[in-house]
Amino acid sequence: MPLALLALAVGAFGIGTTEFVMMGLLPDVADDLNISIPSAGHLVSAYALGVVIGAPLLAAVTARMSRRTVLIGLMGLFVAGNALSALAPGNGWLLAARFLSGLPHGAFFGVGAVVATSLVAPERKARSVSLMFLGLTVANVVGVPVATLMGQQLGWRATFLGVSAIGLAAIAALAFLIPRDHEHATAQGLRGELAALRSVPVWLSLGTTVAGFGALFAAYSYITPMLTDAAGYAGASVTVLLALFGVGATAGNLLGGRLADHSLRGTLFGGLASLVAVLALFPLLMRAELTAAVAVTLLGMAAFVTGSPLQLMVMEKASSAPSLASSANQAAFNLANAGGAWIGGLALAAGFGVTSPALAGAALAVLGLGVAALAAVVDRRRAPATGRERVVATHVPREAEAVRR
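Remember, it's a predicted structure, so these values are computed and weren't measured experimentally.

Turning next to the overall build of the chain. Along its length, the chain carries 16 helices and zero strands. Accessible area for the chain stands at about 15,800 Å²; split by element, carbon and sulfur atoms hold 69% of it.

Turning our attention to empty space enclosed by the protein. Inspection of the entire model under this criterion finds three cavities of 30 Å³ or more. Approximately 310 Å³ is the volume attributed to the largest cavity. Lining the largest cavity are 20 residues, and of these L136, F213, F217, F304 and F333 sit closest to its centre. Taken together, the elements giving at least two residues each to the lining of the largest cavity come down to α1 (4–33), α4 (91–118), α5 (125–154), α8 (200–220), α10 (238–260) and α14 (322–349). Of the residues belonging to the lining of the largest cavity, the class tally is 11 nonpolar, eight polar and one charged. One number sums up the size of the second largest cavity: a volume of about 70 Å³. If you go around the second largest cavity, the residues you meet are P201, L204, S205, T208, R265, L268, L310, M313, K317, A375 and D379. Mapped onto the lining of the second largest cavity, the elements with two or more residues apiece are α8, α11 (264–285), α13 (307–317) and α15 (356–382).

Let us now look at the layout of surface pockets. The computed volume of the largest pocket comes to approximately 970 Å³. Those elements that provide at least two residues to the lining of the largest pocket are α1, α2 (37–61), α5, α8, α9 (223–230), α10 and α14. A per-element tally of the lining of the largest pocket places α5 first, with six residues. Here the residues of the lining of the largest pocket sort into 18 nonpolar, 11 polar and one charged.

As enumerated under the stated definition, the model contains five salt bridges in all. D379 is the partner of K317 in a salt bridge, and the nearest nitrogen-oxygen pair spans 2.7 Å. Linking K317 in helix α13 with D379 in helix α15, this pair joins segments that are 62 residues apart in sequence. Owing to a relative accessible area of 17%, D379 belongs among the buried residues under this scheme. Through salt bridges that share partners, R265, E316, K317 and D379 make up one connected network.

Reading guide: rules and limits
- Residues numbered from 1 in each chain as written.
- Predicted model: local features only at pLDDT ≥ 70, side-chain atom pairs only at ≥ 80, totals over all residues.
- Heavy atoms only, no water.
- Helix = DSSP H or I, 4+ residues; strand = E, 2+ residues; numbered from the N terminus.
- Areas by Shrake-Rupley, 256 points an atom, 1.4 Å probe, with all protein chains shown as cover.
- 1 Å grid on protein atoms, 1.4 Å probe; cavity = no way out; pocket = protein on both sides within 12 Å on 5 of 7 lines; lining within 4 Å.
- Points joined across faces, edges and corners; volume = space filled by probe spheres on them.
- Nonpolar A, V, L, I, M, F, W, Y, C, P; charged D, E, K, R; others polar.
- Salt bridge = Lys/Arg side-chain N within 4 Å of Asp/Glu carboxyl O.
- Buried < 20%, exposed > 50% of the residue type's maximum accessible area, 1.4 Å probe, protein only.

Laid out in structure tokens, this is it:
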């Protein structure tokens, strides 16, 4: 695997850290800015809104630019957003800075996935994407706990300055490790990228992402009350258990990348089916501390097995102009975050019990399986059987040909 993937992973590590660290810093930010916890929670929403808007927008406006230049520019915007977060004098400015920080998130992963797959031989495309996403999952194990501790000890502004430093390191890595003669965007430009979004298979792939990861966030958004109220853990133990989720997500991400290179659709179906099973068993597993810890780990693993297959599925269906569709898939991940949390909250509000969000998540995972099955049927009707399923139908660049030799 080329070292350029390390540069993408460093950027993903910084993005993953700044996305999730705000949850742990909400009380500190609220106290410092003299606002309520619910008001501080809008800072999480502002970041997610930036992701949803920025992913397709920035991918579209940079369609004809060198992808190496785009990645460096996106990380520069990320550094600026986090630096402004550290310097924000009040809640309004912090909201704007968090929105700005979220803008490059989806486009970075979307364009980065296209770059990652173009750097390797075709039989390693899924693994290349999983190695980029490795930065995101490791952020949950290391980056977020360390950044949260830094914020608690040195003040929340120090956390965002630290994340800015990670972004600067990512810029340096991208500048040195992404080949200067790297493939430019496709000749279709913006018009070709937009045309890709008129494809029914692309929208079915995006729908699978929303339903599949909505299943995860329906349960994960309420994992703390499940662990404390159902499993009996003390509140101080939750941080360790969330690290177990990150460990499971990291293992699932690497496993999914390896399996998807052999069978893209089979890995997707298997991951979604595993997610249904894990979430359906949550009410039983949450009855004891040991099985609850196992459940949290399995949840991360089952969900992130599907990460690389979902990303590659969208890229495959928009193979002639993949950047915008790939970035739109990142927006779909964040829609899944918001929608899944809302649906899980409805189950709690209805009085179905503290573990009911997991069952709501299981229902969403079943829906994801249904959408994925519909996509498979549409594919079979649109094209004759051609043997082994290709991951991304693009040419093999010089870097990949060197890897193959």
